[in-house]
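Each chain, letter by letter, is given below.
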Amino acid sequence: MTNETLTKLMGEVSNGAIRVVDLTISLDENTPVIGLPEEFEQSPAFKLEQISQFDDKGPAWYWNRFSCGEHTGTHFDAPGHWVTGKDYADGCTDTIPPEKLIGAANVIDVSAESAENPDYLLTSDKLKNWEADHGKIEPGTWVLMRTDWSKRGPEDFLNYAEDGPHTPGPSVECMEFLTTERDILGFGVETVGTDAGQAFAFEPAFPAHTLMHGNNKFGLASLTKLDQLPPKGAVIVAAPLKITHGSGSPLRVIALTP
Ligand code: MN
C-alpha cells in the first residue's frame, strides 16, 4: 500500500526541492561538555576506544567502543532528566511516544542580540513579535533558538568567567509562555545546554529544565546550522537512543527544509 504524500515527500527529497540539513556536531574527545559546580559529579568527555581494525583482534572488521555522559554533544534532554519531570510514565528515552520524535520547527533568530550580549535572554515579547511576522507558534512544535553559538571556538563556546558561564538562553517568563500558552513540543539551542549560562541564579533556577521538563517537554542542546533553516516550515527528526530509563542521549538531528 502506498501513500501519495510520502511518495511525493521522498521524490522532493531526492530531487532537492526539499533539502536535508544535518543540525548535529561531530562527537570526539574535544566535544565541549557542560561543567557543573565542583561539589557535583561531572559528566565525562566522549571517549572512543578501538575494539579491532582489520588486525588480529578482527581481521575483516573495524569497530570501536564509546563512552560519554548522556548529555554530550548534540543531545536530547528527556523530561526524566530533571527532578520536575521525573514521574512522567512516558518521560524517558525508551518511553517517549515515537510520534513525538518528529516535529515542525520555529526558528527564532537572536544571533545579533547574542553576539552583542552573551547573557542575552529570549523573552515572550520577542516571540510575540516573531509571531506577528511568521504566524503563531503551534502546539506540539519545536522552538529553536538561533544564536550562531555553534560557530564559536571551544573556549568562546563555553565562555566561562569567574562568576560562571556566560551564554544566551531563555528567560523564566519565556519558558512559562512556551509551556503554558503555546504548549510546544520542546526547546532547542546551539549552546551546551538549554538554559542560559547564568540560569543557576534565576528564580526558578534553570527555567528551561525546570519548566520544560516539568511539563513533559523536551530539550535539544548543541545544535548547529540553525542559520540554514527558515523561520518556519522546516521539520526536524530528533530521536534519542532508546536507552532503558535514559535521561537523554547524543543523537543525530536531521531537518527537512524547503
Ligand atoms: Mn542535556
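Refer to the structure presented above.
Residues numbered from 1 in each chain as written. Predicted model: local features only at pLDDT ≥ 70, side-chain atom pairs only at ≥ 80, totals over all residues. Heavy atoms only, no water.

**Student:** Summarise the pairing of strand β13 (residues 232–238); cite the residues concerned and give the values.
**Tutor:** Bridge analysis of strand β5 (residues 102–109) against β13 gives five bridges, and the strand direction is antiparallel. Along β13, the bridge assignment pairs G103 with I236. Bridge analysis of β13 against strand β15 (residues 253–257) gives four bridges, and the strand direction is antiparallel. Residue pairing across strands places V237 opposite I254, the latter belonging to β15. (Pairing = 2+ DSSP bridges. Helix = DSSP H or I, 4+ residues; strand = E, 2+ residues; numbered from the N terminus.)

**Student:** How would you explain the packing of helix α5 (residues 172–181) against helix α6 (residues 207–214) if you had to name every residue and give the values?
**Tutor:** Running from amino to carboxyl end, α5 crosses α6 at an angle of 15 degrees, the nearest separation of the two axes being 9 Å. Taken together, the axes of α5 and α6 are roughly parallel relative to one another. The two elements α5 and α6 meet at a crossing, and its hand is right-handed. Only P207, A208, L211 and M212 of α6 make contact with α5, whose side of the interface consists of V172, M175, E176, L178 and T179. When its residues are assigned to classes, the contact of α5 with α6 shows seven nonpolar, one polar and one charged. (Axes fitted to C-alpha atoms, helices over the stretch in contact; angles between N-to-C directions. Parallel < 35°, antiparallel > 145°, perpendicular 65-115°, else oblique. Left-handed = near helix turned anticlockwise from the far one by under 90°. Contact = heavy atoms within 4.5 Å. Nonpolar A, V, L, I, M, F, W, Y, C, P; charged D, E, K, R; others polar.)

**Student:** Mind laying out the pairing of strand β7 (residues 142–146), listing which residues take part and the relevant values?
**Tutor:** Both faces of the sheet carry side chains from a regular strand, because those side chains alternate between them. Counted residue by residue, β7 has five buried out of five residues, so it is predominantly covered. Because side chains alternate across β7, one face comprises the buried residues W142, L144 and R146, and the other comprises V143 and M145, equally buried. Relative to β7, β5 is paired through five bridges, and the arrangement is parallel. Bridge pairing links D109 to R146 in β7. Strand direction decides the pairing type here: β7 and strand β11 (residues 186–189), joined by four bridges, are parallel. Within β11, the residue paired with V143 across the bridge is F187. (Buried < 20%, exposed > 50% of the residue type's maximum accessible area, 1.4 Å probe, protein only.)

**Student:** Which residues make up the pattern of salt bridges, and what values do they have?
**Tutor:** Using the criterion set out here, one finds eleven salt bridges in the structure. Across the pair K8 and E12 runs a salt bridge whose closest N-O atoms are separated by 3.5 Å. One end of the pair, K8, and the other, E12, are both in helix α1 (residues 4–14), four residues apart, so they sit about a helical turn from each other. Residue K8 is classed as exposed on the basis of its relative accessible area, which comes to 56%. By relative accessible area, E12 is classed as partly exposed at 25%. Among the ionic pairs, D148 bridges to R146, the shortest N-O distance being 2.9 Å. You'll find D148 and R146 in the same group, each marked buried. Connected through shared salt-bridge partners, D109, R146, D148, K151 and D227 make up one network. (Salt bridge = Lys/Arg side-chain N within 4 Å of Asp/Glu carboxyl O.)

**Student:** Can you lay out the side chain of T257 for me, pointing to particular residues and giving the numbers?
**Tutor:** For T257, the location among the structural elements is in strand β15. Accessibility expressed as a relative area gives 1% for T257, which makes it buried. Residues contacting T257, with those up to four places away along its chain left out, are A17, I18, R19, V21, Q228, L229, P230 and A234.

**Student:** Help me get a handle on α6, residues and values and all.
**Tutor:** Three- or four-residue spacings in an α-helix give side chains the same orientation, since the helix completes a turn every 3.6 residues. With seven of its eight residues buried, α6 lies for the most part within the structure. Taken residue by residue, α6 has P207, A208, H209, T210, L211, M212 and H213 as its buried positions. Contacts made by the buried residues of α6 are with β4 (75–77), β10 (169–170), α5, β11 and β12 (218–221). One or two steps after α6, the chain reaches N216, where phi turns positive at roughly 60 degrees.

**Student:** If you had to explain unusual backbone geometry to someone new, which residues and values would you point to?
**Tutor:** What you tend to see is this: most non-glycine residues have negative phi, and most peptide bonds are trans. The omega angle of the peptide bond from E203 to P204 is 0 degrees, so this bond is cis rather than trans. In this structure, P204 sits in the loop between β11 and α6. Here the phi dihedral of F54 falls at roughly 55 degrees; this positive angle occurs in a residue that is not glycine. On the secondary structure map, F54 appears in strand β2 (residues 47–55). Since its relative accessible area comes to 52%, F54 is described here as exposed. Its identity is not glycine, yet H245 carries a phi of approximately 55 degrees, on the positive side. Looking at the secondary structure, you find H245 in the loop between β13 and β14 (248–250).

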